[in-house]
Amino acid sequence: AIELDPQPRYYVIRAETHYKLNNLKETVNNFLNALELDSRNAIAIDEITTVLNTAGQAHEAIIIMTKLLTLNGQHPLSVVARGRAELVQRRWTDAVRDFTTAIEAYPQRADLYRMRGTAQSELHIRDKSLADLRHAVQLDPNSLIAQLELARACNHFGEYTDAVNTCDTALRLDPNSADA
């Protein structure tokens, strides 16, 4: 169907499927195909930046996030992209502001609470950071990165028992994790 009717949504679905199969190259290629057909596809741009960030390719993610920002700087996904870029650039206060705005549009996205909590932790805002990170884990208890960020923040704020317990949970999620 893709060859006969190359609509961007088909490539987005294929990209999401390849991502679940841990095939980063095909994930990125399919997202790029979706963007080639519809360069204003904010969802594809947001998702590809998530994949690239997850894969440790922050530089490439920033380039694509910049593209999203040029499309519509006030679109909620543009605000998410800007917040991600601010995290990479260690602009914590700006990141908190943008993730707060994004959470208003997407209150069930665990990654937004996780990223805002991470930025708040860097700003030494203990209670809000821990609350956001715990909420991220509550929304997505199978997120290894959310568990690890919560453990890091607990350790940072002297909640060592919670840090160890959270690391134990992360190890149950991924027994081979070098980070947990």
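Keep in mind the model is a prediction, meaning the values are calculated, not measured. (Residues numbered from 1 in each chain as written. Predicted model: local features only at pLDDT ≥ 70, side-chain atom pairs only at ≥ 80, totals over all residues. Heavy atoms only, no water.)

What follows concerns the environment of Y19. Locating Y19 in the fold gives a position in helix α1 (residues 8-20). Judged by its relative accessible area of 36%, Y19 is partly exposed. Along the sequence, Y19 and I48 sit 29 residues apart, while their C-alpha atoms lie 10.0 Å from each other. (Helix = DSSP H or I, 4+ residues; strand = E, 2+ residues; numbered from the N terminus. Buried < 20%, exposed > 50% of the residue type's maximum accessible area, 1.4 Å probe, protein only.)

Pairs of aromatic rings are described using the distance from one ring centre to the other and the angle between the two planes. With the rule as written, the count across this model stands at zero aromatic pairs. The aromatic ring of Y106 is capped on one face by R109, whose charged end is 5.6 Å from the ring centroid. (Phe/Tyr/Trp six-rings, centres within 6.5 Å; stacked < 30°, edge-to-face > 60°. Lys NZ or Arg CZ within 6 Å of the ring centre and 35° of its normal.)

Time to look at the nonpolar core. Ranked by internal contacts, the top residues of the largest apolar core, which has 24 residues, are L87, F99, L112, A119, L130 and L150. Elements with a contribution of two residues or more to this core: α5 (76-88), α6 (92-105), α7 (110-122), α8 (126-139) and α9 (144-156). Aside from chain neighbours lying at most four places away, what touches L150 is L130, L133, R134, V137 and T166. Of all hydrophobic cores here, the second largest spans seven residues; its members include V28, F31, A34 and I48. (Core = buried A, V, L, I, M, F, W, Y, C linked by side-chain atoms within 4.5 Å. Contact = heavy atoms within 4.5 Å.)

You will see that R90, though not glycine, has its phi angle at about 60°, which is positive. Within the secondary structure layout, R90 lies in the loop between α5 and α6. For R90, a relative accessible area of 57% corresponds to the exposed category. With a phi angle near 65°, H124 is a residue other than glycine that sits in the positive phi range.

Here we take up the confidence of the model for the chain. Here the chain averages 81 in pLDDT, and 75% of its residues register 70 or above. Mean pLDDT per element in the chain: helix α4 (residues 58-71) is the minimum at 61, and α8 is the maximum at 98. Segment residues 1-5 is flagged for pLDDT under 50; beyond a separation of four residues in sequence, or across chains, it makes four contacts in the model. (pLDDT = per-residue confidence, 0-100.)

Let's shift gears to the pattern of salt bridges. Evaluated as defined, the whole model comprises 15 salt bridges. Across the pair R97 and D98 runs a salt bridge, and its minimum N-O distance is 3.4 Å. Judged by its relative accessible area of 43%, R97 is partly exposed. Sharing partners across several salt bridges, the network here consists of R82, E86, R91, D94, R97 and D98. (Salt bridge = Lys/Arg side-chain N within 4 Å of Asp/Glu carboxyl O.)

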